[in-house]
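Per-entry structural report
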Amino acid sequence: MPQVYRNLIAGEWVECASKKTFPNVNPANTDEVLGHFQASGAEEVNTACAEAAKAQATWAALPAPRRGEYLFKAAELIESRLDSIAEDMTREEGKTLPEAKGEVKRAVNIFRYFGGEGARSFSYQIPSERPNVFCYMMRKPLGVVGLITPWNFPSAIPAWKMAPALVAGNTVVIKPASLAPLSPYRLVEALVEAGIPGGVVNYVTGSGGGAGNALVEHPAIRAVSFTGSCDVGNRLHEKLAGRKVRVQLEMGGKNPTIVLKDADLDYAADILINGAFFSTGQKCTACSRAIIEKDIYKPLVEKLVAKTKALKVGNGVEPGIQIGPAVDESQLDTDLKYIEIARKEGAILLCGGNRLTGGIYDKGFFVEPTIFDKVKPEMRIAQEEVFGPVLGLMVANDFEEAMRLANGVQFGLSASIVSRDLTRVHQFINGIEAGLITINLPTAGVEYQLPFGGTKESSFGMREQGPLALEFYTESRTVYLKYTQ
Ligand code: NAP
């Protein structure tokens, strides 16, 4: 019998009042249920928020380096279980085992990084205009923060929200994505085993419209950090606008890679494949548009298609598999719907385009890595996020046109360029409308110790990760102290 996983409220693992649960199903093998999670609603969320509020003053009174010690201890516990946590992640989300291991390691690094922030500078001193006056800024936690996370990075994203929130002295209520609640459960479990006081971290599963909605509506919440789709993020923003609740939204992308004519073609093809297809294209930073200078268009596309056809799609726990399944039937349908739309709009299918069937494929939600040629900027496939392994190719007559195409979307999360031309690279860095900019690297694959976030419709609010993450979870206090009378 699959295990029943409970909510964590006030330090206790508890069932929800209705006793209803929902299953966590393996998208590579739908016969496998990893566990059942609590189908919580407003009642559980309200209790969790109230308990988080009760615990907050005591937690904030603990010196920040001591708060950081809980993160260090949890990091150690997660690292000691890295292989099994990663395997659970592959089974619940579908990404390959090496990708899952990399992500769990990243969660460990995030916990250690923010554990260390507990002992680093939370403030700064500034000279006063007046004699004998000592001025400084210090940071205070906000209080209770609500964290709403997506399924595609089920360890890293909960880690990069919880760790800065906690070390800054906030208490948290996290509502993870219903498609991948086990990976965040493992992080919360490690924090509990590390001895974090009851009520400081609260974990409540349930639907977005039920538990998620109740979380953002709770009056104790001082901030909401959300990662997910633009539709939901924009609705949360509207809902919270009148309440002076701090909001951070990390949402979708339509990320371009520009390849200039001086690029090494094999290298460029590998960058495109990594960005577009790894993790089944289910990264907010995935590349979905390749913008290629016309001189190298034909030979690069030939290499790209040949390499794409050689990719191994299957169950991510098997060695050698490079691309796992779509996360569920609905995402698979979205992928296939966009493939159909692209065809109807006149894009030319170069490879892929189908659901994979037969043998193990019949048990999961597998789709072929897909490339479309002759994609025009006005097509939906060039403008809308698919969140699957679908890459559109666009030809550019020169660098300037490549930049116009790259910037001609509502999103601005990540963008990359493949070139050895330093002038063009710097012009790209200055002109590209994206929060994450990579050169001779895929659009995806960011590191925990630097700020993360986009521009335009991709993001709203302050940055996550790196030193800037603490800004969202704290409020400054400015002190003027005259030490003579
Ligand atoms: P989603 O459907 O928007 O869900 C995200 C989270 O919001 C889930 O926990 C979901 O709960 C919850 N939710 C749904 N409706 C809600 C509501 N009315 N009130 C409160 N919470 C609600 O997104 P997703 O499908 O999980 O993730 C894919 C999207 O995330 C893509 O668009 C991707 O680009 C984006 N993403 C962005 C970043 C970034 O940093 N920019 C990173 C990763 C992913 P349920 O799971 O229970 O529905």
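Before any of the text, the structure's been laid out above.
Below: a short report on this structure. Note that residues are indexed from 1 along each chain, following the sequence as it is written. Under the rules for a predicted model, residues below a pLDDT of 70 receive no local features and side-chain atom pairs below 80 are neither given nor counted, while totals for whole chains, interfaces and linings still include all residues. Note: side-chain values were computed over all heavy atoms of the structure, leaving out hydrogens and water.

Secondary structure elements follow DSSP: runs of H or I no shorter than four residues count as helices, runs of E no shorter than two count as strands, and numbering proceeds from the N terminus. In terms of regular secondary structure, the protein is built from 15 helices and 23 strands. Radius of gyration: C-alpha atoms only; globule rule: 2.2 Å multiplied by the number of residues to the exponent 0.38. Relative to the compact-globule value of 23 Å for 485 residues, the protein shows a C-alpha radius of gyration of 23 Å, a close match. For the protein, the C-alpha atoms occupy an extent of roughly 75 × 65 × 40 Å along the three principal directions. Think of it in three bands: residues with accessible area under 20% of the maximum for their type are buried, residues over 50% are exposed, and the middle band is partly exposed, with areas taken using a 1.4 Å probe on protein chains only. Expressed as a percentage of its 485 residues, the buried residues of the protein come to 56%. In this description, contact between two residues means that some pair of their heavy atoms is separated by no more than 4.5 Å. Sequence-distant contacts, at least 24 apart, represent 74% of the contacts inside the protein between residues at least 6 apart. The Shrake-Rupley method, run with a 1.4 Å probe sphere, supplies the accessible areas, and residue values consider only the shown protein chains as cover. Accessible area of the protein: about 19300 Å², with a carbon and sulfur share of 52%. Between the centroid of the 52 positive side chains of the protein and the centroid of its 55 negative side chains there is a distance of 5 Å. By the counting scheme adopted, Arg and Lys are positive, Glu and Asp are negative, and His together with the chain ends is not counted. Charge placement uses NZ in Lys and CZ in Arg. For Asp and Glu, CG and CD serve respectively.

What makes a residue near a molecule or strand is one non-hydrogen atom of that residue sitting within 4 Å of it. Around the ligand there are 30 residues in total, and Lys175, Ser178, Ser229, Met251 and Glu385 lie nearest to it. Within the backbone of Gly228, an N or O atom sits 3.2 Å from an oxygen atom of the ligand. Nitrogen and oxygen atoms within 3.5 Å of one another constitute a polar contact, given that in protein one can donate a hydrogen and the other can accept it, and given that sequence-neighbouring residues count only through two side-chain atoms. In this structure, a nitrogen atom belonging to the ligand sits 2.8 Å away from a main-chain N or O atom of Met251. Notes on the ligand: free accessible area 910 Å², of which the protein chains cover 87%. Counting residues per element, the ones that place at least two in the shell around the ligand are α7 (208-217), β11 (221-227) and α8 (230-241). For the shell around the ligand, the class distribution of residues is 14 nonpolar, twelve polar and four charged. Any residue outside Ala, Val, Leu, Ile, Met, Phe, Trp, Tyr, Cys, Pro, Asp, Glu, Lys and Arg is labelled polar, Gly included; the first ten of those are nonpolar and the last four are charged.

Here we come to the sheet that holds strand β4 (residues 21-25). With respect to topology, three strands assemble into an open sheet ordered β1-β5-β4, the strand pairing being mixed. Sheet topology places β1 (3-5) and β4 at the edges, where each strand pairs with a single neighbour. Along the sheet, successive strands turn relative to each other by an average axial angle of 30°, direction set aside. By the bridge criterion, three bridges tie β1 to strand β5 (residues 33-38) in an arrangement that is parallel. When the bridges of β5 are listed, Tyr5 appears paired with Phe37. Here the rule is simple: two strands pair whenever DSSP picks up at least two bridges between them. Axis lines are fitted to C-alpha atoms, over the contacting stretch for helices. Their N-to-C directions set the angle, which ranges from 0 to 180 degrees.

What follows is about a nonpolar patch on the surface. For patch building, the residue pool is restricted to those with more than 30% relative accessible area and no salt bridge; the joining distance is 9 Å between like charges and 5 Å between nonpolar side chains (Val, Leu, Ile, Met, Phe, Trp, Tyr). A pairing counts as a salt bridge when a side-chain nitrogen of Lys or Arg comes within 4 Å of a carboxyl oxygen of Asp or Glu. The grouping of Phe134, Leu481 and Tyr483 at the surface amounts to a nonpolar patch, some 300 Å² of accessible area in total. Note that Leu481 resides in strand β23 (residues 474-482). On the basis of relative accessible area, Leu481 is assigned to the partly exposed category, the value being 37%.

One can find Glu464 in the loop between β22 (459-460) and α15 (469-472). A relative accessible area of 1% places Glu464 in the buried class. In this structure, Glu464 is in contact with Trp160, Lys161, Ser225, Thr227, Gln248, Glu250, Leu450, Pro451, Phe452 and Ala469, ignoring residues within four places of it in sequence.

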